[in-house]
Amino acid sequence: MGHRLAESSSLYLRSHAENPVDWHPWGAAAFAEARRRDVPVFVSIGYAACHWCHVMARESFADPVLAATLNQRFVAIKVDREEHPDVDDTYMAATQAMTGQGGWPMSVFTLPDARVFHAGTYFPPRRVGQVPSFAEVLDAVHQAWTERRSEVETSAGKIAESLGAQRRQQAGLATTVHALDDGAPIDGADTDPARIDPSRIESAELDGLVDDALRVLGDQEDPVHGGFGSAPKFPPSPLLGFLLEESVWDPGSAAAGLALRTLETLGRSALFDQVEGGFARYATDLAWALPHFEKMLYDNAQLIGHYARLSRHPAVDEVSRGRAERQARLSMDWLTERMLLPDSGLLASSLDADTVDTSGQHSEGATYLFSDDELNEAAGAAGLGEEQAQQLVALNRGVPADEQSITQGAPLHISAQTPRTLHFDAPLTGAQTQLMEQVAPELRRRRRLRDQPARDEKVVAAWNAQAITSMATAAALWDDSALLAQAEALAERLWQIHVTSEPGEDPAAESAALHQAGGVRVQRISYAGVPAAELGGLADHAHLAVACFQLSSAGADAEWVRRGAAVLGQILRSFVIREGGEIQLLESSDAEGLLTAAQQGPLLATPLDGPEPSSVAALAQALQMAEALELLGAEDLRPGMILQHVKLASAKAPTVIGASMLVARRAGRQSPAFRFLAGTAADLAQVRRAGALHGVPVEPVAAETVQPEAGLKLSVCLNAVGAMVCLPPVGSLDQALAALRG
């Protein structure tokens, strides 16, 4: 029945091809069919690594009776949220507004014009308490459609209008100028633009905003288990980047403690794969002892960079630095061994949460669990003595993969034969780490004999670009030329497969202003080295621009600066609307207009972080790096113009603006860059390391400036609006940094 999905490039869609549901892929054709049949549309959104998506597929979409009901009464659409983040974002906003919560699988019912009138997430096959069964939901929606059509259409219109208003309001947070004393709520308020230069963010005002944010974060931190918020707990990856950089500039800041405690908590927990590296998506419990086992590239792309920075952080002792470097390098090895695709040379998007055995039985996390007996046996096989083996077993405080018992506080009944996660109550000492490293190869060998989670071989441009940025950053921190070459090779493959030049344009063209530069298009998705048709969104373009600039700063070819400028120029033409004094940022193009109809307006980019930095923050970072590298013209957008939300949200919602606060701090320092004028190779490595730690790009370095006996000559160039000056050269890195600290 699912023949339309059988040839899909999406693994997630192909996994539903054998369902008795008559699935359609996302697109205008499915909605046209709904209009022809005069039936509503059921939109089911998920992704390949999603555990509960698999559960609902087995329980409901494989049920012939439920499938027959769906086919008779609806047009059913299956969406891979990773291929269509704009679809997911639009309908997630509706689901959260209507139900107060969101998640996947997402189950949305729309009119034939894509406007929502009912929404939810997972529905069970039988009623559970107040949660209706999927069959009950289908009956209720059908009854409303056939008996109360006018009410349904009126409701859909109001929801679309509300979604559009919400989208415009959130998007406006980033670009509407606010005074610090205007008392504006987080949803925004206009003020006199003359009071503030929107192209600048002053360092003095940022000091107060950062203090407010750190105070709130201190109150929100979990003092017992680490991290922020309640279960389920997610790694606050965009926020951690800000905390790390803030505490490099001021090691005594509260940011240092927040960053260190959070990263050490994650690193010793079951969220981190202690055997192979890499981080799971989230933990189901407060203590981080039971992860939801899917591994997503976007989490790991960010966290690898954070642990690399922690490994050279001035506020961290040597033991913690060594532990952080081990975690970063182990995770990079995992990327190479498990996520690198041989056909394209790019990184896959995810590993599944479930393991499927030869009989088709699904088990969440089965690949990763070890009983005490298995740990003891592996330790013996690895050459550890009985006492050492028992020490290692005693260290593990992991739990069985029994989410229901853990969340309800039920007894777990753990015996020596109970498979459980690897989780430590405290960071491992040097001696304990040696024990773990000695036994890890044997644990990996045993794992390879087990059924493995499926890999979604979809390549996502934005996620690969974030991985490249972190790899280039780590290469600069560690002075690792092999790692830099690996990052550059990955970037070259991404460029060759995902980037195409605009007709008649030269992507390396020199220009006084980026909005006039030659343009390129970034395709979001590829499979087996072949790009899909959909144009990438703002996030894909912005993250690629950042990756290009970071590669050059770490020592890769200066051509990457020109490539980054070409991508940024395309963003300014295709995703930025400037009319008079108003700025609007588009999340995606929405070529078919379906999402525009769903929310009665364009899909504007919002500035609030999720698991990834917001696309607004990603663009701001690309702009700020371009500003630091002297690439912006007088007419180009400046980072401060799209970071106004920092003034409103720093004391109210700092956990969702971490990426923006990082960029605001860099811009507040007047977008500095290091200009290396002379010195040894060791001097240059030291400057690149400092640049990676402090968020200060290093301008392309001419080969002749690096000489074995040369004394260091280093200048700091300030490049923000109103600055545009290079300070006199100094002979030490400390002097250069002191000039920036003021």
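Residues numbered from 1 in each chain as written. Predicted model: local features only at pLDDT ≥ 70, side-chain atom pairs only at ≥ 80, totals over all residues. Heavy atoms only, no water.

Peer 1: Help me understand the state of the cysteines in this model?
Peer 2: Here, the word disulfide means a covalent bond between the sulfur atoms of two cysteines. Tallying each qualifying case throughout the model produces two disulfides. Two residues share a disulfide in this structure: cysteine 50 and cysteine 53, whose sulfurs sit 2.3 Å from each other. In this structure the cystine formed by cysteine 50 and cysteine 53 twists about its S-S bond by roughly 80°; its chirality is therefore right-handed. Side by side, cysteine 50 and cysteine 53 carry an identical accessibility label, which is buried. When the bonded cysteines of the protein are counted from the start of the sequence, the pairing works out to 1-2, 3-4. (Disulfide = S-S within 2.5 Å. Buried < 20%, exposed > 50% of the residue type's maximum accessible area, 1.4 Å probe, protein only.)

Peer 1: Quick question: what am I supposed to make of the packing of aromatic side chains here?
Peer 2: Two aromatic rings are characterised by how far apart their centres lie and by the angle between their planes. Applying the stated rule across the entire model yields 19 aromatic pairs. Aromatic side chains phenylalanine 42 and phenylalanine 109 sit 5.1 Å apart centroid to centroid with 40° between the ring planes, which places their arrangement in the tilted category. Placement of the pair is phenylalanine 42 in strand β2 (residues 41-46) and phenylalanine 109 in strand β4 (residues 106-110), with a sequence separation of 67 residues. Comparing phenylalanine 42 with phenylalanine 109 shows no difference in burial state: the two are buried. With centroids separated by 5.9 Å and ring planes inclined at 85°, the aromatic side chains of phenylalanine 61 and phenylalanine 134 adopt a geometry described as edge-to-face. You can see phenylalanine 61 sitting in helix α4 (residues 51-61) and its partner phenylalanine 134 sitting in helix α7 (residues 134-147), a full 73 residues away along the chain. Accessibility expressed as a relative area gives 1% for phenylalanine 61, which makes it buried. Exposure remark for phenylalanine 134: the relative accessible area of 0% places this residue in the buried category. Here the aromatic cluster, defined as three or more aromatic residues joined through ring pairs, consists of Trp23, Phe42, Phe61, Phe74, Phe109, Phe123 and Phe134. (Phe/Tyr/Trp six-rings, centres within 6.5 Å; stacked < 30°, edge-to-face > 60°. Helix = DSSP H or I, 4+ residues; strand = E, 2+ residues; numbered from the N terminus.)

Peer 1: How do you make sense of unusual backbone geometry when you look at a structure like this?
Peer 2: Phi is mostly negative for residues that are not glycine, and the peptide bonds are mostly trans. Cis geometry is adopted by the peptide bond preceding proline 105, which originates at tryptophan 104 and carries an omega value of 5°. By secondary structure assignment, the location of proline 105 is in the loop between α6 (85-99) and β4. Note the cis peptide between alanine 231 and proline 232, where omega equals -5°. Looking at the element boundaries, proline 232 is found in the loop between α9 (203-220) and α10 (237-249).

Peer 1: Sorry, what's going on with the nonpolar core here?
Peer 2: Soluble, globular proteins show a tendency: their nonpolar side chains are buried together. Formed by 163 residues in total, the largest nonpolar core has its most connected members in Leu243, Leu585, Leu619 and Leu637. If you look at the next biggest cluster of nonpolar residues, it comprises 27 residues, including Trp26, Phe31, Val43 and Met92. (Core = buried A, V, L, I, M, F, W, Y, C linked by side-chain atoms within 4.5 Å.)

Peer 1: Teacher, can you tell me more about the sheet that holds strand β5 (residues 116-120) here?
Peer 2: Consider a sheet: its strands pair through backbone hydrogen bonds, and that pairing is either parallel or antiparallel. Across the sheet, which stays open at both edges, the five strands sit in the order β1-β3-β2-β4-β5 with mixed pairing between neighbours. Among the strands making up the open sheet, the edge pair consists of β1 (23-25) and β5. Put simply, the sheet's adjacent strands are angled 25° from each other on average, direction ignored. Pairing between β2 and strand β3 (residues 75-80): six bridges, direction parallel. Along β3, the bridge assignment pairs isoleucine 45 with valine 79. Strands β2, β3, β4 and β5 of the sheet are contacted by α6, whose axis makes an angle of about 80° with β5. (Pairing = 2+ DSSP bridges. Axes fitted to C-alpha atoms, helices over the stretch in contact; angles between N-to-C directions. Contact = heavy atoms within 4.5 Å.)

Peer 1: Would you mind going over the packing of helix α11 (residues 254-268) against helix α12 (residues 297-310) with me for this structure?
Peer 2: Helices that pack against each other are described as a pair by the angle of their axes relative to one another and the distance between those axes. The contact between α11 and α12 brings their axes to 11 Å, and the two run at 115°. Viewed along their axes, α11 and α12 form a crossing whose handedness is left-handed. Only Leu303, His306, Tyr307 and Leu310 of α12 make contact with α11, whose side of the interface consists of Leu260, Leu263, Leu266 and Gly267. Looking at side-chain class alone, the contact of α11 with α12 contains six nonpolar, two polar and no charged residues. (Left-handed = near helix turned anticlockwise from the far one by under 90°. Nonpolar A, V, L, I, M, F, W, Y, C, P; charged D, E, K, R; others polar.)

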